[in-house]
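These are the residues of each chain, in order.
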Number of protein chains: 2
Amino acid sequence: MEEREHAVGKNVKRVDAFEKVTGRAKYTDDLCDKSAYVAKILHSTVAHGIVKSVDTAEAEKIPGVVKVVTCFDVPKYYFPTAGHPWSTEPAHQDVSDRLLLQEHVRFYGDDVAAVVAENEVAAAQAVRAIKVEYEELPFVLDVQKAMEDGAPQIHEEFPNNILKHTSIRNGNYEEARKEPGLIKVEGWYDTPTVQHCHIENFICYSYMEQGRMVVVSSTQIPHICRRVVGQALGIPWGKVRVIKPYIGGGFGNKQDILYEPLCAYLSTVVGGRLVKLDVSREETFVSNRVRHAIRTHIISYVRPDGSFAARKIECFSDQGAYASHGHSIAAKGMGAFPQLYPCPNVEGDAYTVFTNKSVAGAMRGYGIPQAMFAVESHTDDVAKAVGMSPFEFRWKYLMPKGFTDGFSKNVNYFDTFHQCMEKGKAYIDYDRKMKEYADQTGEIRKGIGVAAFWYNTGVWPISLETSACRMVLNQDGSIQVQVGETEIGQGADTAFAQMAAETVGIPVDMVHVVTNQDTDVTPFGTGAYASRQTYMAGFSINQTAALLKNRILEAAQELTRHTKESLDVVNGNIIRRGDGEVLMSLADLALEKLYSLTNNGHLTAESSYQAKTNAYSFGCTFAEVEVDIPACRATLTNIVNVHDAGQLINPSLALAQVHGGMSMGIGYGLSERLIFDERTGKPLNNNLLDYKLSTFMDHPHLEGQFVENYEPTSAYGTKALGEPPVCSVAPAIRNAVLMATGVAVDEIPLTPHILFKRFKEEGLV
Amino acid sequence: MEEREHAVGKNVKRVDAFEKVTGRAKYTDDLCDKSAYVAKILHSTVAHGIVKSVDTAEAEKIPGVVKVVTCFDVPKYYFPTAGHPWSTEPAHQDVSDRLLLQEHVRFYGDDVAAVVAENEVAAAQAVRAIKVEYEELPFVLDVQKAMEDGAPQIHEEFPNNILKHTSIRNGNYEEARKEPGLIKVEGWYDTPTVQHCHIENFICYSYMEQGRMVVVSSTQIPHICRRVVGQALGIPWGKVRVIKPYIGGGFGNKQDILYEPLCAYLSTVVGGRLVKLDVSREETFVSNRVRHAIRTHIISYVRPDGSFAARKIECFSDQGAYASHGHSIAAKGMGAFPQLYPCPNVEGDAYTVFTNKSVAGAMRGYGIPQAMFAVESHTDDVAKAVGMSPFEFRWKYLMPKGFTDGFSKNVNYFDTFHQCMEKGKAYIDYDRKMKEYADQTGEIRKGIGVAAFWYNTGVWPISLETSACRMVLNQDGSIQVQVGETEIGQGADTAFAQMAAETVGIPVDMVHVVTNQDTDVTPFGTGAYASRQTYMAGFSINQTAALLKNRILEAAQELTRHTKESLDVVNGNIIRRGDGEVLMSLADLALEKLYSLTNNGHLTAESSYQAKTNAYSFGCTFAEVEVDIPACRATLTNIVNVHDAGQLINPSLALAQVHGGMSMGIGYGLSERLIFDERTGKPLNNNLLDYKLSTFMDHPHLEGQFVENYEPTSAYGTKALGEPPVCSVAPAIRNAVLMATGVAVDEIPLTPHILFKRFKEEGLV
């Protein structure tokens, strides 16, 4: 009798561990042939202007320079860059406002010209030798100033620079706030422009093969990349092939199409030759994508017991110069507002506004870190106003079990928030410390803060959710698994292997996940974003594994002369369900079937699954800080994140995700901000020396804990975990500083500069 | 009304033409990372012996040498090398007589030790620095001497060095030859050892990834290679991944597993690092594979009208030192004998015999060029004996229409031989020239010769015949096609594209054939051999295209609200069958279906097809020569091949195949022979200077013509063409020399050396 060994819910080693640890894993640059031409881009040195002329004469004289192209040369196919599934309805398509190079430059760092050279030195020299004459235009950097009448117009089609405005109207805010006895709590909350800072900068290379464009790119979204390259070059999408090797992180920056279309175009102007475009860290900071800085205004009318009578939210999202993911980020951020603390009367307005700054796109959390900073900072302000402890307030008013969202159909199936809060509270020793830190007066004061969040899984019903999978049975009973969802460092391939093993009925090490997506052969999938990998790929893996297993059992019926229905695959063997007897190994079955002279067959399976579900992920952060008041310095001393991401496929990989997200959240709360010069729009700290990325040296122990409620809508009980860990960290830190000092600092990061300003305002220094 | 444009039967441009012509096509060496370690092999310098010791001390001291392994180090997993489909029945498996390196060396050039070094120079120096001590053993080079009692024993398990002996017994030869009035015609016919001389020498590289062996190889048979590497290394086959890039010809040499297992093993001894093994032309000649030299003895008892009463054939096939494809080549060669000129009483014996020479394996024609040289030379001898013209004899006695082979079920459906003979005769102006050349007496004499052949398509019913295919629909209505059958320079990918386009209903340029096989994702197929590509892949392409079309029409029903049955796909459009009205383009359908929010689907199809059919290909050669008797030189002045390969998918590619085969046949008949030193067994002309490969300079115009009888068993009416063009060239040349001089030269190549010997024997010089 064979005991079934489960493959999910286990700490199996990452499938790519050896390659990653030994440095053997091949990334884009490792794969690029050394014969490649090198491309470099000339970026705008004005924040807003019209290119009057580009003089390439000197550049073209530099030995090794093959071709110089300018904004006047490129085809005029406007294309969108957001890593969203395509929609055949124009109204749902992303804004197409990009060209390969721009005559109308809209930010310091915009793309004006490009050089293709035989080597990097020649390319760099040539970029410096190009002379550009601009007609400078007035520019605007502040999101609300950009909305004013008379502000510089960045895109003609968008008056007042408003890319989009959406509203929420639940109940009647204006009437409800007239209820007598209400306490009004109001705040403005500011989040900064930050950058993803993945280890591997964006890189791609391109060449022509059999009349088609091949693009190898460090992208999270190969199938989407294929479509956008087609759009940008004005060629049929099937004429584009995109390959995604291992990639060194993306965090959403690579969920945008960055320079793949330009690189492909540059290949076409040199006869289809191999061209590599490897951007620097400085370019990554400025000319890729950044996180939207969002300014949020919240007004809450609260009853003395803390219950909300009416609430209002306004979000001003700084889009930077081009649409990219556009309004969807502000919309998602604002969309989290009515649900976290349900209130019958809510008024919301979100504005996504162009400014003459770096383009904002997707970044881990996709609007939720900004929203949660505002909402959960405000929650502490509300709790304080009604005299409740932050914990008590949340315990009472956070989204209750059974709460259902009418639009997404998401249900809070369990008492998750209480479970998470209790775990976090116990770990951080909340009650004791709240008492201990209650009335501090010295220069060094300690504080403890809490914040919660919820997060969606995937993009349904906003956009298409689909995943496809193919499995191939080998002669030894092992299988290959291909999916369009991408390993981007997060461990997705390992989770895919575990899920496939679970359903087929084989050990995990018998599953070989094809890690590199190649749009020519990889089943269609939209890629890594929206924390969708495990949840969405899980559907097609589950469905395809069941199809493969069915084919295996059909062959088993033929070979064992037992009915298919009486058989099962357990631990890589064909067993009889009745008594668990092993009838043959899957390896023997595969071999016999493949080489059968009477009824040969190569057992494979493929299917695509359209998901029409979504799921709430939940969690909270408890943070403890020590504030040096004279130094205006807040130091994080203790932190715990508690998550309900459903059943964990691989607890240790899940924990690694949590650690990474917490680190990013700590930087968001305490140190990271991309600064633009007010007079010129020039980014001032676009490098890892001046930009204070959170590192291991800045962290206390990062404690991650889980509440594992099996998600009923999910093929394997799992749901979003990739982005959630970053969502509630910054407000927990802000709330801890509030508790320590009594000062509400509503602008992150909580750097000494900002603390000094606030402490001074409040008379502490 | 949409007129259907056909994709087969047309001269479309090769899909890889641009890449091949511009040199951009990536071959194995182009793809290998420059960081690769370099491996080189130390070969035996004795024809037969036991390695007593290997001193690697000096070799290991050479800077850059990483590892030296000897025959004493390698694992003792005996493995077969033939590119045959595996059989789960041990009796049908190929002989496993190879180890990665050999302690018992069996030919000059056998593999004794190998070096892995950081660079080529160090590897070459180290190979030279290794000292080997042999116990030399007696050796034997002649196939019949090897069968004698007391001959040196090459493999213990095979007494008298006979790898295998098979017999044919039809009717009663001994009784039948007693019929009064019969004329006995007897001959011995000798064919030489030749080598394939593909442009790209064998090369492979190997490394470990995720605990698996990856082998990139210039092979015709990636899926078989995977199996043999697994066998040789003693690891499960699913732990091996084989990738086949573009390859520069194979002609059967690369239908053997050559050094892939050794290369993979060498990677394992350096921790899985990338190791490249790039063999030289000299090694390719000696230590890869050669064509079996076969000595054939034929006795025919003929009635005065030319009809055969009884026939006997004996084949002695020189296997060289290891089994490789073994007896199957001699068996196939002898198998062609009873059918070309059906005779009720036939006795046949074929012996495949080990000798201490280079290993014989598959080569274009697989035994048939040897058999046809014997049979068709003998046919002229018979015709002469009964006073018929060679043409008249063949016209009367060649396999008639309706002839059916009991074993393969092959049927000669058409009057093909007469059609082919007539075309060839007309082109060469046979009757006029036969008269003109009838009674020559000068030093320069002209002659004209003819020879015919038949050839199977694929290996059923001897072995498994299966092919599998996958198709993926893109958003622009184009498709990718993956098959396990391999492009090896012959143009297979173009034929695959045409067949897929034909059945799906789209233009050929909308089909993208994935040219590189990767056993992880490419559907199972056994590869390029037995002239099976178009015929066998055609089945699965046809079947899979029909499946894809069905899915397309299902989607069309959904999108057009017409029933599936009333719709068709024509020229890339969905049309209504009734009136031919175009309802939507396939591109629109693909786009709508993929991005549908109500019923999304990625349309793909995959299937495997087990072929239980085979087909006769036919043809003939007419050759005209000028013989300079004092110089003992025969010059080919005119030649035509006529083929019935069924319907041609692409006539100009078919003609290119014919040209290549004719060139190979001309070398076979006139100049090529690998010579071994009698005293040492050392090959004497293993380079392209001393080995007289037939080149463009040696050819007259090569005329290829076709008779296109649609093959009823075939998915697209096509059948074998890859190998047939080489089969009847040499005997046609020999027969032309016979006609010119009256001298039957029964040993090829017809070099001056051999002509001198025969002319002297016959008193001409």
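Rules used throughout
- Residues numbered from 1 in each chain as written.
- Chains lettered and ligands numbered in written order.
- Predicted model: local features only at pLDDT ≥ 70, side-chain atom pairs only at ≥ 80, totals over all residues.
- Heavy atoms only, no water.
- Axes fitted to C-alpha atoms, helices over the stretch in contact; angles between N-to-C directions.
- Helix = DSSP H or I, 4+ residues; strand = E, 2+ residues; numbered from the N terminus.
- Parallel < 35°, antiparallel > 145°, perpendicular 65-115°, else oblique.
- Left-handed = near helix turned anticlockwise from the far one by under 90°.
- Contact = heavy atoms within 4.5 Å.
- Nonpolar A, V, L, I, M, F, W, Y, C, P; charged D, E, K, R; others polar.
- Core = buried A, V, L, I, M, F, W, Y, C linked by side-chain atoms within 4.5 Å.
- Buried < 20%, exposed > 50% of the residue type's maximum accessible area, 1.4 Å probe, protein only.
- Domains from an automatic or database assignment.
- Arc of directions from axis to C-beta.
- Pairing = 2+ DSSP bridges.
- Buried area = accessible area lost by both parts, 1.4 Å probe.
- Salt bridge = Lys/Arg side-chain N within 4 Å of Asp/Glu carboxyl O.
- Polar contact = N/O pair within 3.5 Å; in protein donor to acceptor, adjacent residues only side chain to side chain.

A. Structural context of the packing of helix α7 (residues 222-233) of chain B against helix α8 (residues 260-269) of chain B. All names here are of chain B. One way to put it is that α7 packs onto α8 with a least axis distance of 9 Å and a crossing angle of 55 degrees. Taken together, α7 and α8 sit at an angle that is classed as oblique. Regarding α7 and α8, the two cross each other, and that crossing is right-handed. Residues Cys 225, Val 228, Val 229, Ala 232 and Leu 233 of α7 lie in contact with α8, whose contacting residues are Glu 260, Pro 261, Ala 264, Tyr 265 and Thr 268. Partitioned by chemical class, the residues of the contact of α7 with α8 number eight nonpolar, one polar and one charged.

B. View of the nonpolar core. Residue and element names in this part refer to chain B. Within the largest apolar cluster, 109 residues are counted, with the highest numbers of intra-cluster contacts made by Phe 393 and Ile 733. Three or more residues apiece are contributed to this core by two domains, here domain 2 (32-137 + 196-287) and domain 3 (389-460 + 614-761). If near-sequence neighbours (up to four positions away) are discounted, Ile 733 is found in contact with Ala 623, Val 625, Leu 636, Ile 666, Leu 670 and Leu 750.

C. Structural view of helix α21 (residues 752-761) of chain B. Residue and element names in this part refer to chain B. Residues Ile 754, Leu 755, Arg 758 and Phe 759 constitute the buried set of α21. Along the axis of α21, the buried positions cluster into a sector of 125 degrees, meaning they face one direction only. For α21, the exposed residues set more than 90 degrees away from the buried face come down to His 753, Lys 760 and Glu 761. Packing partners of the buried residues in α21 comprise β27 (617-628), β28 (633-644) and α20 (729-741). Just downstream of α21, Gly 763 is the residue with a positive phi angle, here 80 degrees.

D. Structural context of the sheet that holds strand β14 (residues 293-302) of chain A. Residue and element names in this part refer to chain A. If you walk across this open sheet you meet the five strands as β7-β16-β15-β14-β8, and the pairing is mixed. Because the sheet does not close on itself, it has two edges, and the strands there are β7 (162-170) and β8 (183-190). Averaged over all neighbouring strand pairs, the angle between strand axes comes to 5 degrees, with direction disregarded. In the sheet, β14 pairs with strand β15 (residues 308-320) via ten bridges, with the strands oriented antiparallel.

E. Quick peek at the domain arrangement of chain A. Residues and elements named next belong to chain A. As far as domains go, chain A holds domain 1 (17-25 + 466-610), domain 2 (32-137 + 196-287) and domain 3 (389-459 + 615-761). Taking the mean C-alpha position of each, domain 1 and domain 3 sit 38 Å from one another. Tallying the contact residues gives 19 residues for domain 1 and 22 residues for domain 3. When domain 1 packs against domain 3, close to 1,400 Å² is buried across both sides, 62% of that on carbon and sulfur atoms. Area buried by domain 1 at its contact with domain 3 is led by Ala 530, Ser 531 and Tyr 535, which between them contribute 42% of it. At the junction of domain 1 and domain 3, the tally comes to zero salt bridges. Across the domain 1-domain 3 interface, the total number found is nine residue pairs in polar contact (both at pLDDT 80 or more). Only α15 (492-504) and α16 (533-560) provide two or more residues apiece to the side of domain 1 that touches domain 3.

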